[in-house]
Amino acid sequence: GDLHWQNRLPEASAQIASVYLPERAQGFVTPALTRLGAGDRLYPFDGTILFCHRLIFPRRDTGATPWRVEALRKRAGLAGAPRGKRRLYIYRHAFARRRIANDKALERLLAAYGFEAVNPGALSFDDQVKLFSEAAIVLGPHGAGLANAIFMSRGGALIELTHDRRVFRTFYEVAAASGHAYALVIGDAAGDDKESILADFTVDPDAVEAAIKAALAAIA
């Protein structure tokens, strides 16, 4: 929100503060906001009641748009960067939920197409920016890691993997706003909580391969 209002209403941005819960923030969050120009007005919230003389709640305006992507890329120092060549697979081995149950078969397929397995959450923000700015294709299960596709130069491809209980338009919007081709592979929820949107799931390797071939054709 802070970055949004810095662009839309720069004369008022100095009066805008963002709060966050430290225990919920991953280690790269604060360095990321600092690099993007919001860190000097980022305040940890410890649960203390706040009294304000005046509090304004702006109209909600969220979602990926081309101008937001360009603003973030510019702040990250990527304006005019050439398109990369790397193919990245975002994996979720370290997470307790929303994992790909048949990931071994999938990883063999991806290795044959030159994909590198990466865990963005284990990297610093600067390393995430550098890694994804060098990518031509980003592929992975639905999750925040896919948002890094905005750091690819326009003309890349984003392939999202999910299951029939968790189909959202979030990363289609990210891809469209970033100027990337987009493909969605919908698998089947698995495990004891297969009725949940947080369930692990399986994907058909043949469907994933078809999406990869389509992505390669789109960016050729």
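In this report, we go over the structure that sits alongside the text. These numbers were taken from a predicted model, which means no experiment stands behind them. (Residues numbered from 1 in each chain as written. Predicted model: local features only at pLDDT ≥ 70, side-chain atom pairs only at ≥ 80, totals over all residues. Heavy atoms only, no water.)

Overview of the environment of Pro-120
Thinking step 1. Looking at the secondary structure, you find Pro-120 in the loop between β4 (115–118) and α5 (125–133).
Thinking step 2. Exposure remark for Pro-120: the relative accessible area of 6% places this residue in the buried category.
Thinking step 3. Residues Pro-120 and Ile-90, 30 residues apart in the sequence, show an inter-C-alpha distance of 7.3 Å.
Thinking step 4. Discounting residues that sit within four places of it in the chain, Pro-120 has contacts with Ile-90, Gln-128, Phe-132, Gly-145 and Asn-148. (Helix = DSSP H or I, 4+ residues; strand = E, 2+ residues; numbered from the N terminus. Buried < 20%, exposed > 50% of the residue type's maximum accessible area, 1.4 Å probe, protein only. Contact = heavy atoms within 4.5 Å.)

Remarks on the packing of aromatic side chains
Thinking step 1. Inspection of every chain in the model, using the stated rule, returns two aromatic pairs.
Thinking step 2. When the centroid spacing of 6.0 Å and the interplanar angle of 75° are considered together, the rings of Phe-125 and Phe-151 count as edge-to-face. You can see Phe-125 sitting in helix α5 and its partner Phe-151 sitting in the loop between β5 (135–141) and β6 (157–163), a full 26 residues away along the chain.
Thinking step 3. The class for Phe-125 is buried, based on a relative accessible area of 7%.
Thinking step 4. Centre to centre, the rings of Tyr-172 and Tyr-182 are 5.7 Å apart; their planes meet at 70°, and the pair counts as edge-to-face. Of this pair, Tyr-172 sits in helix α6 (residues 170–178) while Tyr-182 sits in strand β7 (residues 181–190), and the two are 10 residues apart along the sequence.
Thinking step 5. Look at Tyr-172 and you get partly exposed, because its relative accessible area is 47%. (Phe/Tyr/Trp six-rings, centres within 6.5 Å; stacked < 30°, edge-to-face > 60°.)

Some thoughts on the environment of Lys-74
Thinking step 1. Checked against the element boundaries, Lys-74 lands in helix α3 (residues 66–75).
Thinking step 2. Exposure remark for Lys-74: the relative accessible area of 64% places this residue in the exposed category.
Thinking step 3. Through-space distance from the C-alpha of Lys-74 to that of Phe-151 is 9.9 Å; in sequence the pair is 77 residues apart.

Let's talk about the nonpolar core
Thinking step 1. The biggest cluster of nonpolar side chains holds 23 residues, and the ones touching the most others in it are Phe-132, Val-138, Phe-151 and Leu-158.
Thinking step 2. Elements with a minimum of two residues in this core: β3 (86–90), α5, β5 and α6.
Thinking step 3. Excluding anything up to four places from it in sequence, Phe-132 contacts Leu-88, Ile-90, Val-118, Pro-120, Val-138, Gly-145, Asn-148, Phe-151 and Met-152.
Thinking step 4. By size, the runner-up hydrophobic cluster in this structure holds 22 residues, among which are Leu-109, Ala-136, Ala-215 and Ile-219. (Core = buried A, V, L, I, M, F, W, Y, C linked by side-chain atoms within 4.5 Å.)

What to know about the sheet that holds β7
Thinking step 1. Within the open sheet, the six strands sit side by side as β4-β3-β5-β6-β7-β8. Their pairing is mixed. Pairing within the sheet leaves two strands with one partner each, and these edge strands are β4 and β8 (200–202). Strand after strand, the sheet turns through a mean of 30° between neighbouring axes, direction not considered.
Thinking step 2. As paired elements, β7 and β8 share three bridges and run antiparallel to each other. Considered in β8, the bridge of Ala-190 is made with Asp-200.
Thinking step 3. Set on the sheet, α6 makes contact with β6 and β7; between it and β7 the angle comes to about 165°. (Pairing = 2+ DSSP bridges. Axes fitted to C-alpha atoms, helices over the stretch in contact; angles between N-to-C directions.)

Looking at the pairing of β6
Thinking step 1. When you tally the buried positions in β6, you get seven out of seven residues, the bulk of the element.
Thinking step 2. On β6, burial covers both faces: Ala-157, Ile-159, Leu-161 and His-163 on one face and Leu-158, Glu-160 and Thr-162 on the other are all buried.
Thinking step 3. In the sheet, β5 pairs with β6 via five bridges, with the strands oriented parallel. Directly across from Pro-141, in β6, lies its bridge partner Leu-161.
Thinking step 4. Where β6 and β7 come together, seven bridges link them in parallel fashion.

None of the figures reported here should be taken as evidence of function without further support.
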